Every structure is written in C-alpha cells, then in structure tokens.
Amino acid sequence: MWLPSIITIFGQAASTPAELMGAFALLWFLVPFAVVPLAARWDAAKVAIAGAAGLAACRFALLFVHGGQPQLYVASTGLLAGLTWLAASAVRGGPAAVGVPVGLAAAALQHAALRTVDLSWQSRWWAAPIVALECLLLLWCQRRAAPGRSSAAAWFLVGPAMLLAGMFALSPAIATVAVSFRFDPVASDAPPAVPELLLGLAVAGFLAGATGRLRGRFDRVLAGLLLLAAAVIWLTPDGLFVALLLGCGALGRAFRAADGAPAPPGTSAADGTPAADAGRGAAAGYAAVAGMVVFAVAAVAYYAAYDLGYPNQWVPVAVAVAPAWILLRSGAGVPAAGVPRRAALAGLALCFLVPLLGVTVTPAVTATDGTAGGPERGLRLVAYNIRMGFGLDGTYRPAAAARAIAASDPDVVVLSEVDRAWLLNGGHDDLRVLAAELGMRYWFGPAADAVWGDAVLTNLPVGAVETVPLSAVGAPTGAQALGVVVRFGGRDIAVVSTHIQPPPDAEPLVQVAEIAAFATRFGAGRPTFIAGDLNIEPGDASMRAFADAGFADGFAAFRPVRTFPADVPVKQIDHVLVRGLTCADVSVGRAVTSDHAMVATTLR
C-alpha cells in the first residue's frame, strides 16, 4: 500500500517532480540504518518486537484509513516500523534463507487468492479478521529468535528478491497476463484456473529451489544464468510466460546459496557451523537495510522512467545481478534444508489450492448482438481513463469504478491507463478485476510495457482484433492503438482504443496520423470510432488533423464535455471521434475513482 500511496498521493501521478518523489521515498529506507547500532548495542529482541508491533498496528489501521495524507503517512510509518523489525531481526539472528522465501511465497499465494486486490482495499467483513490473525502471528513469532544460521548475504537478498518476486517471478497478475498472451496475440480473457495453477507452479518451484539441495558449481551457474535471462525477457508479452517459469526456481536457488555462503567472523567450524552468535550482529543488520535500499532505488528508477523518458530495461537485470552473484561466488554444494516430507507435501498442496480461491466463479458470459432493444437503441459506449485504478484520494476502489461504469449500461467499454501488474501500484490486475465486476470479456493492448496499456471490454460478438505501437517522438510513456471489431445491430463496427502520449511542449501530430491511418485501415469501410484519453482539446491542430483524416468530433454538438480533473473538470481531453456514426446522449460521470471523469454516449 505504501508504493501506490507514494505515486498517487505524494506524487499525484507524475505532477510532483520525480526527483522529489524519489528523495521522499528513499528517506524512509535510509532512517533504519540508525536502527542497526541501536539493536546491536541495546537489545535486538526488544527493538524487533517494537518494530513488529508498529508494523502490525499500521497494517490493521490501513483497513480503515483510506485516502489522502493520513493514508500516506500511516503507510509510511508502517514501512518504517517494518524496516526496523527487519533490521533488528537480522541483528538478532535467524534463518533468513528459509523464513524469507516462505514469507514471499505466502504473500504471493494470498495475493492470488484475493484476485490481486490487497486486504486493505477489500470491503468484505472477513478482511479485518484475516489481517488481525496475520498481525497476531507476526507478534507471536517474536517470542524468540528462530534457530539456525543467518548470513549477511541472505539478509541482503531480501530487498532484491522482493523486487524481482513482485515484478515477475511470483506475481499472480503476471501469471494471468502471461496466460492471456499465450492464447492470443492480443491479450484476452485467460481460461479459468489456468493462471492460478501457473502461479501455484511458480511458487512451488520457488520453494523447491529455496529448500532443495544445491549440488555445486553447475547448479549455481545454471540458476544464475536463468535468473538473468528471466530479468531480460519478462518485459515483452512473449517473454512473460517463460520468465515466470525460469525466474521463480532460480530466485529460490539464490536463497539456498545464501544459506551456504561463507561463514562470517565468529563461526568456529570449518563446515560453517555457527558459534553462539554466528551470523548475528551489525553486519547482518546493515546488509538487510542495504538490500531494502536496493529495492527502493530500483523501484523508483524503473517506474520513474515512464515520466522522465530514459531506458529502464536494465533495472531488473541489474537487480538480478545481486542474487546471481550470490549464486556464482562459490562453487560449493549446499545440502537440502531438511523439510519434513509431510510438511513438503502440505506446502505443495497449498501452492496449488490457495490460488484457486481467486478463480472467478461468475457464469460464463454469453455474447449477444445487442439487438434486443431494437436498432433505434444504439450502441452504448463508456470511455474511461482509470489511472491504474486509483482515485484522486489515492484509494483503490475497483468495485466503485465498476458500479459507475455499469450505471451507463454499456455495450462497449474503452479503458485507458490500465495497469495489469505494476509492483508500483500494488501488483493489481485492474483489467481482470474490473471485467469480473462488470461480467464482461476484455481485450488488452500493451503500451508502456507488457502490462500497462489500454483495453476494450464487451460482450458483443467480436471479429478482428489488432494492436499497433505508436511512435514515441520524445514522449516518455509508450502508446498504442487497439482495434476490435464488434457486431451490433446487424452490422460490424470498428472500435479503436488509444491513449495519446504527447511529446514535451508539442502537438502529438505523429501519433494522430498513425492512429488515423490505423483506424482507416482496420475499419476497412466499416463504421468506426476512436475513443480514449487523447490528451488534446477542441480546436487543437491535432483535432483538425483527425477531422482532415475523416474522423469527426463526436462531442462537438454537446460541448463543453469537460473530463479533467475528475472532481472539478476544466479540460476536454477525453474524446470519441467518429466515421459513419453519430453520438447522442453524451454524459460525463461524477465518480472520482480516477483523476479523469468517465464519459458515456450512444452511437448510431
């Protein structure tokens, strides 16, 4: 919840300078360095208990504290308490190389069971009891340090592993998108239960890697290379599926290698068996905090690129170097963790059964031709920039957004700024969640990367589907045009969903020309409309360019149709452009579940 709060509340979705936002975020990760000497000189157990209590209190409070500065600072306080607990736990000692993988696996399984919507955003009665039980379990585990060795390498690995696991290796949302792209070049509905089973396989592979025997140099080199390869290929739609399968086990192997890392000062046996305080102390504490700084810097560096415009493909690869180095720095084998057979079988069953709780059980959608109301009814359209699902106050309320959309009784929904897995926003799959709430099928066109883009939702019969990338021309965020042909009222209608990204201080004429050319070709003489957040206003040269290409301003007779910002709209930047169609019954929604207002119209 802290990362989304940083971007939507402090950052105001790119209106705050990225440098200032990054400095604010990094500050919370630097303060815990001061905790390490305190824990080492005083009482690490008491510091860990205090941190755990603060984390638990903030975690529970965030069930009720939603929106604005209170959400931001409760989440930030919880982060600081969590880092304090982590640093003190490292100083205190314990088997991070086993405990951390189990925690990451449990988090991934819960996220899948919740359909990627965190408990903090759930409005169901059972969210509070579950969080309360989790908080009590955390506090109960602080009674004493867990037995076993704790190397500084294992504690340092926590931060990089959290980033890689959240970005792709253990992400339920990535599993869904990966399955979607495996069945369709343009990502559409994934077959029921398949993404959940894929996620279960990834978690099982991760745990097997973290607890199984590491045989020697060949195993280490292979795991390191597979992890680096996964970090390279996951950025593409075709690479998601393979990256998930390669990355999970390799990341687990890095923890196993860390567990067998050369013993720090204080060990007394040649085989690395720890003396009384082996692996405990300031070194492990500083390593844990440093690893979390890597997490913070890498997360900001990767996602800030979509505002600042520099290449970011290197970030996950650079982070993957840390676990790869842990794997490769020694050629020694490491024995298995000695997990009892029954416990292993129970864990394996949980890996596959828990995600199935998140399978959508709503009846299969039946495609309709939309003719029940007669041809005079017209096709109902909703166009909405959902800002990754976050409202102006920084809350994530997909159910409220779905209710606002459903109130217009749409046949077709066009969405912009759809986030399907960004760790920055909590790893949500906005599209799958909204589609389930609306009971609609979806098609997705990736723009910024493989999991951020635009979408079309409809239950009408669908024919051709195609997506094309648009030229950046200096714009920091990628753009695309997604075409979907729907059958309505006895005729085919071409839908084009897009989100124009203007270059700095210039008209987006290049993207306008590309969208118009694509819509003309894809439409192939059919009635066609272009809809979405176009980031242009009536009277702009870009609107005239669309008109010259044959796409009229569908809202011209209804101006003003102000859509931004959602609470007090002053700009008209969301549009519907038509060829062979006319707009009627134009309305602007009042929901503030995004920074844009929703627009609805009837097309005839």
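The coordinates are above.
For clarity, every value in this text was computed on a predicted model and none was experimentally measured.

## Let's talk about the pairing of strand S13 (residues 599-603)
Within a regular strand, side chains alternate between the sheet's two faces. Most of S13 sits inside the fold, with five of its five residues counted as buried. Neither face of S13 is left uncovered, since the one carrying Val599, Thr601 and Leu603 and the one carrying Ala600 and Thr602 both have all their residues buried. In terms of strand pairing, strand S2 (residues 379-385) meets S13 through five bridges, oriented antiparallel. Residue pairing in the sheet places Leu381 in a bridge with Thr601 of S13. Where strand S12 (residues 583-588) lies against S13, four bridges are found, and the strand directions are antiparallel. If you follow Cys583 over to S13, its bridge partner there is Leu603.

## Focus: the environment of Leu62
Tracing the backbone shows Leu62 in the loop between helix H4 (44-61) and helix H5 (68-92). A C-alpha to C-alpha distance of 32 Å links Leu62 and Val588, two positions 526 residues apart in sequence. Contacts of Leu62, omitting those with residues within four sequence positions, involve Met1, Gln71, Val74, Ala75 and Ser120.

## What about the packing of aromatic side chains?
Any aromatic ring pair is given by two values, namely how distant the centres are and how the planes are angled relative to each other. Under the defined criterion, the tally for this structure stands at 18 aromatic pairs. Connected via pairs of aromatic rings, a cluster forms that spans Phe168, Trp234, Tyr302, Tyr303, Tyr306, Trp422 and Trp452. Cation over ring: Arg182 sits above Phe241, and NZ or CZ is 4.8 Å from the ring centre. The ring of Phe551 carries Arg579 above its face, with NZ or CZ at 4.2 Å from the centroid.

## Here's the deal with the sheet that holds S2
Strand pairing in a sheet is mediated by backbone hydrogen bonds. Such pairs are either parallel or antiparallel. Reading across from one edge, S1-S4-S5-S3-S2-S13-S12 is the order of the seven strands in this open sheet, with mixed pairing throughout. The sheet is open, and its two edges are formed by strand S1 (187-188) and S12, each paired on a single side. Two elements, S2 and strand S3 (residues 412-419), share five bridges in a ladder whose sense is parallel. Bridge pairing in S3 places Tyr384 opposite Leu415. With respect to the sheet, helix H10 (residues 172-183) is in contact with S1 and strand S4 (441-449), its orientation differing from that of S4 by roughly 105°.

## Concerning the packing of helix H2 (residues 18-30) against H5
The geometry of H2 relative to H5 is characterised by a closest axis approach of 9 Å and an angle of 35° between their N-to-C directions. Residues Phe24, Trp28 and Phe29 of H2 form the contact with H5, whose own contacting residues are Leu72, Tyr73, Ser76, Thr77, Leu79, Leu80 and Leu83. Considering only residue class, the contact of H2 with H5 consists of eight nonpolar, two polar and no charged.

## Observations regarding the side chain of Thr563
Within the fold, Thr563 resides in the loop between strand S10 (552-553) and strand S11 (574-579). Under the relative-accessibility criterion, Thr563 is labelled buried at 0%. Setting aside anything within four residues of it in sequence, one finds Thr563 in contact with Pro569, Lys571, Gln572, Ile573, Asp574, Asp595, His596, Ala597 and Val599.

## Looking at the nonpolar core
Core analysis: the biggest nonpolar cluster contains 126 residues, and Trp2, Phe29, Phe168, Trp234, Leu240, Leu415 and Leu457 have the highest contact counts within it. A per-element tally of this core places helix H14 (residues 282-308) first, with twelve residues. Every residue in contact with Phe29, bar those within four places of it in the chain, is listed here: Trp2, Leu79, Leu83, Val289, Met292, Val293, Phe295 and Ala296. Grouped together as the second largest cluster of nonpolar side chains are 26 residues, Val456, Leu482, Phe529 and Ala531 included.

## Regarding a nonpolar patch on the surface
Together, Leu133, Leu136 and Leu139 line one region of the surface with nonpolar side chains, adding up to about 300 Å² of accessible area. Secondary-structure assignment places Leu133 in helix H7 (residues 127-140). Judged by its relative accessible area of 59%, Leu133 is exposed.

## Regarding the sheet that holds S10
Here six strands make up an open sheet; going across it, the order is S6-S7-S8-S9-S11-S10 and the pairing mixed. The open sheet has two edge strands with one neighbour each: strand S6 (462-470) and S10. By the bridge criterion, two bridges tie S10 to S11 in an arrangement that is antiparallel. Residue pairing across strands places Asp553 opposite Leu577, the latter belonging to S11. Across the sheet, helix H19 (residues 509-523) touches S6, strand S7 (479-488), strand S8 (491-498), strand S9 (528-533) and S11, and the angle it forms with S6 is around 160°.

## Observations regarding the pattern of salt bridges
One pass over the structure, following the stated rule, counts ten salt bridges. Residue Arg59 pairs with Asp118 through a salt bridge whose shortest N-O separation is 3.0 Å. With Arg59 in helix H4 and Asp118 in the loop between helix H6 (96-113) and H7, this residue pair connects regions lying 59 residues apart in the sequence. The shortest N-O distance in the salt bridge between Arg432 and Glu196 comes to 2.9 Å. Placement of Arg432 in helix H18 (residues 430-438) and of Glu196 in helix H11 (residues 194-211) is noted, with a sequence separation of 236 residues between them. The pair Arg432 / Glu196 is uniform in exposure class, with both members buried. Each of the salt bridges in this network shares a partner with another, and the network as a whole consists of Arg377, Asp409 and Asp411.

## Quick notes on the environment of Pro469
Take Pro469: it is sitting in strand S6. In this structure Pro469 comes out as exposed when scored by relative accessible area, which is 69%. The spacing of Pro469 and Ala447 is 22 residues in sequence and 6.9 Å in space, taken between C-alpha atoms. Apart from residues lying up to four places away in sequence, Pro469 is in contact with Ala479 and Gln480.

## Side note on H6
In a regular helix each residue adds 1.5 Å, so 18 residues correspond to 26 Å; H6 covers 25 Å between its end C-alpha atoms and thus fits that length. What H6 keeps buried is the set Ala96, Ala97, Val100, Pro101, Leu104, Ala105, Ala108, Leu109, His111, Ala112 and Ala113. Buried residues along H6 sit in contact with helix H8 (152-156), helix H9 (158-169), H10, H11, helix H13 (240-259) and helix H16 (341-353). The positive-phi residue at the C-terminal boundary of H6 is Arg115, with phi of around 55°.

Criteria and cut-off values
Residues numbered from 1 in each chain as written. Predicted model: local features only at pLDDT ≥ 70, side-chain atom pairs only at ≥ 80, totals over all residues. Heavy atoms only, no water. Buried < 20%, exposed > 50% of the residue type's maximum accessible area, 1.4 Å probe, protein only. Helix = DSSP H or I, 4+ residues; strand = E, 2+ residues; numbered from the N terminus. Pairing = 2+ DSSP bridges. Contact = heavy atoms within 4.5 Å. Phe/Tyr/Trp six-rings, centres within 6.5 Å; stacked < 30°, edge-to-face > 60°. Lys NZ or Arg CZ within 6 Å of the ring centre and 35° of its normal. Axes fitted to C-alpha atoms, helices over the stretch in contact; angles between N-to-C directions. Nonpolar A, V, L, I, M, F, W, Y, C, P; charged D, E, K, R; others polar. Core = buried A, V, L, I, M, F, W, Y, C linked by side-chain atoms within 4.5 Å. Patch = residues over 30% accessible without salt bridge, like charges linked within 9 Å, V, L, I, M, F, W, Y side chains within 5 Å. Areas by Shrake-Rupley, 256 points an atom, 1.4 Å probe, with all protein chains shown as cover. Salt bridge = Lys/Arg side-chain N within 4 Å of Asp/Glu carboxyl O. Expected span 1.5 Å × (residues − 1).

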